[in-house]
Amino acid sequence: MSSAWITTRAWLLMLPLLIVMIAIVGWPMVDTVRLSFTDTRLVGTSGEYVGLANYAKLLTGNAFLGALRTTAVFAVFSVAAEMTLGVLAALLLDQQFRGRSFVRALMILPWALPTVVNAMLWRLIYNPEYGALNSLLTQLGILSEYRSWLGEPGTALWAIVAADCWKNFPLVALIALAALQAVPRDIKAAAVVDGAGAFARFRFVLWPYLAGPLTIALVLRTIEAFKVFDIIWVMTRGGPVNSTRTLSILVYQEAFSFQRAGSGASLALIVTLIVTVFAGFYIALMRRSGSRA
Amino acid sequence: MSTLEIAAVTKRFGAIDTLKGIDIVLENGEFLVLLGPSGCGKSTLLNIIAGLLEPSGGDILIDGRSMRKVHPKNRDIAMVFQSYALYPNLSVARNIGFGLEMRKVPKAEREEAVRRAAEILQIEPLLARKPAELSGGQRQRVAIGRALVRDPKVFLFDEPLSNLDAKLRTEMRTELKRLHQKLKATIVYVTHDQVEAMTLATRIAVMREGRVEQIGTPREIYDHPASLYVASFMGSPPMNLLEGRVSANGDSFEAEGGSCFIPIPAASRSTLGPGRPVIAGIKPEHLAPARSDTRSTLSMDVEVVELTGAETLVIGRTGGQTLVASVKPDDAPAIGTPFALTAPADHVRWFDPDSGKAFPA
């Protein structure tokens, strides 16, 4: 079999997939680019070509910069908390104790929940009149009266960060646990004999095995966090006073609430660009770890 | 005072008795090899000495001090692992000095100790490298260096050579022997390789199913195996074990299927007794071709002749039982011919087929 035929056959076999990909990803993408240069509205007449006007208006307006800042805050804090909690949980679950398998299975539950269900649960917990959080904090004497966690601009974003963290830290824990289980027993024993304390054992024995998988988890979670939409939409719809309006929420509002398809498209492309940068970083990491193996 | 005392140590894992009461006393500078097949409990015992496992009963004493509830790092032991167990992201120098670093030994002192250990093991040029950049043999040297630098009371080795290829294994074996002679260190060494045990040990403890089957110098174990188990474990090829019985008049051994006559020394006749079933243990190297003027004691039908270098192994059957003789290449017979051999009576060991134990010589 000639190598030319092998190549041709490979392309032939991939052709159906390529066609589907072009139809559902490629063409809408190209059309979004086209839309972003127009003032098309969602319903009604097709728009006029306006050049870079949509982009100029976005990049100089307050809405975009505010949403970018909110998204960054959400991503940095939720991912940082998820990584920390995930690694701590993995370290605990790596210990020998009775009922370990049960606890491991239990831990996956939040992550297995649909985001919308999780968001609804947390809305109940945060409810200003009968929410469990208010009840708990007042009974413990930490709070003197009930608060509207999702109704105040100062607390809404942090309440969502906590809910997102609860849902997603198990994924990090799972990845970290798998990495910890790959640490050879002999090395752990050698560190004990060498007199390494808990911190030194983490730093010199466990960390080399954790670093790679955790970096991948970090990048994947960051990409996810930058695209966040559903949990916020269910919990606050971007409010109050736009305090939880992330980029994806803003795209939705522009395109569907305000029916400005053209400017919504330009915003969507900017979000895509940001996520692509992270994705490129992720691919570079995968290549590097692949060539090392 | 003994350096290491293993006193009535037992270990249970659930319903399984892994160690059933081990007692060994080790003097300063001894090289003890725990020898046995996998699952005999030798690694468990080593981990108990290290403090990585708690014994279910009994105690470990180092320099007379009970090690009960003493953390591994405070036991003054160092351990070398089968898989080397090097820290992958630390340089060779830091790997070797890690134990000292964790014990807050000042940097200058630490570096001097690392340099000295590296010099002894001839790995000075490797000090800046990472473990991934080393060969198996080099990694093993680093692992030994890590133990060496600590200058502990007792060194523990857990099958340290089993991941190396045959040639390197032989080299490292000699190196370990040299190291032991030079440092006069007290060592407990676990292996399933009887050649390693023979060459390295000052004493061997042959283990079987959680017990010490026999303990003694390599010579004692090799020449006077206390049981069929030890006899079949030691030597390559191991001792021939011929089933048979004592003749009616009690002065000779007759193998099952005939064609064998071994005189029983006068001293052993009273313990063996006429007509009694016994197993005769004869080392392959003690079987010699019979000269025409001597009375042959054994005859075998030659099936295979293997030249191994300095000597030739002749494998065949005598009265339905397999027999291996180790002879000079010039004495090797042709395949398919009968081969007459003599076995000096004073080199034959006698075993009780029921208990598996040797009769006192």
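Residues numbered from 1 in each chain as written. Chains lettered and ligands numbered in written order. Predicted model: local features only at pLDDT ≥ 70, side-chain atom pairs only at ≥ 80, totals over all residues. Heavy atoms only, no water.

Asks: Hey, could you run me through the packing of aromatic side chains in this one?
Replies: Given two aromatic rings, their pairing is described by the distance between the two centres and the angle made by the two planes. Using the criterion set out here, one finds 17 aromatic pairs over all chains in the structure. Between F229 of chain A and W233 of chain A, the ring centres sit 5.5 Å apart and the planes meet at 15°, which makes this aromatic pair stacked. Relative accessible area serves as the criterion here: at 24%, F229 of chain A is assigned to the partly exposed category. According to the relative accessible area criterion, W233 of chain A is buried, its value standing at 17%. Each residue in the set F229, W233, Y252 and F256 of chain A is aromatic and connected to the rest through ring pairs, giving one cluster. The ring of Y87 of chain B has R146 of chain B lying over it, and the distance from NZ or CZ to the ring centre is 5.0 Å. For the cation-ring pair, K283 of chain B lies above Y222 of chain B, with the distance from its terminal atom to the ring centre recorded as 3.8 Å. (Phe/Tyr/Trp six-rings, centres within 6.5 Å; stacked < 30°, edge-to-face > 60°. Buried < 20%, exposed > 50% of the residue type's maximum accessible area, 1.4 Å probe, protein only. Lys NZ or Arg CZ within 6 Å of the ring centre and 35° of its normal.)

Asks: Before we go on, may I ask you to explain the interface of chain B and chain A in this structure?
Replies: It is common to report an interface's size as the accessible area lost on association of the parts. Contacts between chain B and chain A engage 24 residues on the former and 16 residues on the latter. Summing both sides of the interface, chain B and chain A together bury roughly 1,600 Å²; the carbon and sulfur share of this comes to 67%. Contact with chain A buries area across many residues of chain B, yet F81, Y87 and M102 of chain B alone supply 29% of it, more than any other trio. On inspection of chain B and its partner chain A, the count reaches 1 salt bridge. As a salt-bridge pair, D194 of chain A and R146 of chain B come within 3.9 Å of each other at their nearest N and O atoms. Linking chain B with chain A are 5 residue pairs in polar contact (both at pLDDT 80 or more). (Contact = heavy atoms within 4.5 Å. Buried area = accessible area lost by both parts, 1.4 Å probe. Salt bridge = Lys/Arg side-chain N within 4 Å of Asp/Glu carboxyl O. Polar contact = N/O pair within 3.5 Å; in protein donor to acceptor, adjacent residues only side chain to side chain.)

Asks: Would you mind going over the environment of I160 of chain A with me for this structure?
Replies: Within the secondary structure layout, I160 of chain A lies in helix α7 (residues 156–181). C-alpha separation for the pair I160 of chain A and F74 of chain A, spaced 86 residues apart in sequence, amounts to 8.4 Å. (Helix = DSSP H or I, 4+ residues; strand = E, 2+ residues; numbered from the N terminus.)

Asks: How should I be thinking about unusual backbone geometry in this particular structure?
Replies: Phi is mostly negative for residues that are not glycine, and the peptide bonds are mostly trans. Residues and elements named next belong to chain B. Along the chain, S236 connects to P237 via a cis peptide bond; the corresponding omega equals 0°. With respect to the helices, strands and loops of the structure, P237 is situated in the loop between α8 (228–233) and β11 (240–246). Backbone geometry at E159 places phi at a positive 45°, although glycine is not the residue there.

Asks: What should I look at first to understand a nonpolar patch on the surface in this one?
Replies: All names here are of chain A. Side chains of W5, W11, L12, M14, L15, L18, I19 and I22 sit close together on the surface and give an oily, nonpolar patch of about 800 Å² of accessible area. Within the element layout of this structure, I19 appears in helix α1 (residues 3–36). A relative accessible area of 52% means that I19 is categorised as exposed. (Patch = residues over 30% accessible without salt bridge, like charges linked within 9 Å, V, L, I, M, F, W, Y side chains within 5 Å. Areas by Shrake-Rupley, 256 points an atom, 1.4 Å probe, with all protein chains shown as cover.)

Asks: Explain the domain arrangement of chain B here, please?
Replies: Residues and elements named next belong to chain B. Segmentation of chain B into domains returns domain 1 (4–233) and domain 2 (240–351). Relative placement of domain 1 and domain 2: their C-alpha centres are 39 Å apart. Across the boundary between the two partners, domain 1 contributes 9 residues, which contact 6 residues of domain 2. When the area that domain 1 buries against domain 2 is broken down by residue, the three leading residues are Y222, P225 and L228, summing to 65%. The tally of links between domain 1 and domain 2 comes to 0 salt bridges. Counting across the interface, domain 1 meets domain 2 through 4 residue pairs in polar contact (both at pLDDT 80 or more). Breaking the side of domain 1 that touches domain 2 down by element, the ones donating at least two residues are α7 (218–223) and α8. Among the elements that line the side of domain 1 that touches domain 2, the one with the most residues is α8, at 3 residues. Its residues assigned to classes, the side of domain 1 that touches domain 2 comprises 5 nonpolar, 3 polar and 1 charged. (Domains from an automatic or database assignment. Nonpolar A, V, L, I, M, F, W, Y, C, P; charged D, E, K, R; others polar.)

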